Amino acid sequence: LVMEPLVATKLRGDYRTGKRVNMKRIIGYIASGYRKDKIWLRRTKPAKRDYRVLIAVDDSESMQNGKAGDMALRALATLANGMSQLEIGQLG
């Protein structure tokens, strides 16, 4: 099971400190006599994550003889149903 996050975090908001300056707020900052100092952007956590999920199932003779193959397929179906209910990524 490999889960790779696909959605990156973005710089957002109007904060007093941060990583980058919001250029749209600079003119208002200067015009206010340097009082409206919420001109910085910060990285925010994404509200929604998108994952690409890859699941590998062994399809060899040894899995079929011990009836482990049926159990693996049932587990795969249960995992796929749970992921679809939680709306987690794309199953491939």
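Anything mentioned here points back to the structure above.
Residues numbered from 1 in each chain as written. Predicted model: local features only at pLDDT ≥ 70, side-chain atom pairs only at ≥ 80, totals over all residues. Heavy atoms only, no water.

What follows covers the pattern of salt bridges. Between side chains of opposite charge, a pair can form when the charged atoms approach closely. Evaluation of the coordinates by the stated rule reveals 2 salt bridges. For arginine 25, the salt bridge identified is with aspartate 14, shortest N-O distance 2.8 Å. Placement of the pair is arginine 25 in helix H1 (residues 23-31) and aspartate 14 in strand E2 (residues 11-15), with a sequence separation of 11 residues. Residue classification places aspartate 14 among the partly exposed positions, given a relative accessible area of 32%. Between aspartate 37 and arginine 16 there is a salt bridge, and its shortest N-O distance comes to 3.5 Å. With aspartate 37 in the loop between H1 and strand E4 (40-43) and arginine 16 in the loop between E2 and strand E3 (20-21), this pair connects stretches of sequence that are 21 residues apart. Take aspartate 37: its relative accessible area is 24%, and that puts it in the partly exposed class. Its relative accessible area of 55% is what places arginine 16 among the exposed residues. (Salt bridge = Lys/Arg side-chain N within 4 Å of Asp/Glu carboxyl O. Helix = DSSP H or I, 4+ residues; strand = E, 2+ residues; numbered from the N terminus. Buried < 20%, exposed > 50% of the residue type's maximum accessible area, 1.4 Å probe, protein only.)

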